[in-house]
Amino acid sequence: MRIATYSHGNSAPRAGLVVDDGVIDIQRASDGSLPASVLELLNTPNWHGLLHQDVAGGSIHHRTAEVRLLTPIARPGKILAAAGNYQAHIDEGGGTKVDVSVRTPRIFMKPATSLVGPDDPLVLPTISAQVDWEMELAIVIGRPGRDIEESEALDHVAGYTIMNDVSARSMEWGVENREVHAWDGFFDWLVGKWIDGFAPTGPWIVTTDEIPDPQDLQLTFDLNGERWQDASTGGMIFDCAELISFASRIMTLEPGDMIATGTPAGVGVATGRFLQAGDEMVGEISGIGRLRTPVAAR
């Protein structure tokens, strides 16, 4: 199933089930027994079974062309992301071979204000002239847990979506003779992940019954029609189950939380090509769909 957040005309955002060329409004189709938001839906006991029972196969309320698809979850409790989780991406940046026997995943967070939906513009910030793309598979948590065993980790997943972990590779703060500190590079890198609009996400969440193996998906990224990234999610250093298990050792994972799983080789910084106003980014992941993001000047 493809679960989306959509708006129709001037309506408030609604949870919908995308089928063929139409959208079934989940709350309307369930006669009000299911909520109107995706986040509330994922917090509803047996939501997956209820969707199959009360919504799937129902009448289409809107044609897809008549609605605007939004980011699937507007305000998730947590947006986590994995840094350096494809060896090929580490290689293109001049890094060394990762030895997983002595390494743990590197997890950071992005704010909810970084989310934008499919076809929404990425507005370039004023504090960086080196804005880069990182197309990624994102996990959406569907069942809460803490200290989750790897063998049970995928049981906590509601589904998967696409996320572009947009990253500013430089920071122009306008501070003359800025003090150079050993930590400045790390914090500038981290701040470069947090900027408004730096997590285009969508177009929907595909439930796990349609993606039995998240490590067997093909991920691509095109910039202005030119292919830059083309890789299998099987190239992750730490797979989805390992990332979920590791993150749950730090914090309780809750329904609606998202985990971006890292990007493969082919980012702009490797060649010095950064995003410019007028560019168009398109990411695709097999079994999920297509995420288009135009780039605009502020």
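Residues numbered from 1 in each chain as written. Predicted model: local features only at pLDDT ≥ 70, side-chain atom pairs only at ≥ 80, totals over all residues. Heavy atoms only, no water.

Enquirer: Could you clarify how one ought to interpret the packing of aromatic side chains in this entry?
Expert: The geometry of an aromatic ring pair is captured by the separation of the ring centres together with the interplanar angle, meaning the angle of the planes. As enumerated under the stated definition, the model contains 7 aromatic pairs in all. Centroid distance Phe108 to Trp189: 5.2 Å. Interplanar angle 75 degrees. Geometry classified as edge-to-face. One end of the pair, Phe108, is in strand E7 (residues 106-110); the other, Trp189, is in helix H5 (residues 184-191), and 81 residues separate them in sequence. Here Phe108 falls in the buried class, since its relative accessible area comes to 7%. For the pair Trp133 and Phe221, a centre-to-centre distance of 5.1 Å together with 15 degrees between the ring planes defines the contact as stacked. One end of the pair, Trp133, is in the loop between strand E10 (131-132) and strand E11 (135-141); the other, Phe221, is in strand E15 (residues 218-223), with 88 residues separating them in the sequence. A single burial state applies to Trp133 and to Phe221, both of which are buried. (Phe/Tyr/Trp six-rings, centres within 6.5 Å; stacked < 30°, edge-to-face > 60°. Helix = DSSP H or I, 4+ residues; strand = E, 2+ residues; numbered from the N terminus. Buried < 20%, exposed > 50% of the residue type's maximum accessible area, 1.4 Å probe, protein only.)

Enquirer: Help me understand the side chain of Asp25, please; the structure alone is not making it clear to me.
Expert: Residue position: Asp25 is located in strand E3 (residues 22-25). At 2.6 Å, the side chain of Asp25 forms a polar contact with the side chain of Tyr6. In contact with Asp25, not counting residues within four places along its chain, are Tyr6, Arg14, Ala15 and His61. (Polar contact = N/O pair within 3.5 Å; in protein donor to acceptor, adjacent residues only side chain to side chain. Contact = heavy atoms within 4.5 Å.)

Enquirer: Got a minute to help me understand the pattern of salt bridges in this structure?
Expert: The tally for this structure, following the rule as stated, stands at 16 salt bridges. Of the charged contacts, one joins Arg292 and Glu280 as a salt bridge, the two residues approaching to 2.6 Å between their closest N and O atoms. Taken as a pair, Arg292 in strand E19 (residues 289-296) and Glu280 in strand E18 (residues 280-285) lie far apart in primary sequence, 12 residues in all. Judged by relative accessible area, which is 26%, Arg292 ranks as partly exposed. Classification of Glu280 by relative accessible area gives partly exposed; the value is 28%. Residues joined in a network through salt bridges with shared partners are Lys110, Asp132, Glu134, Asp165, Arg169 and Lys193. (Salt bridge = Lys/Arg side-chain N within 4 Å of Asp/Glu carboxyl O.)

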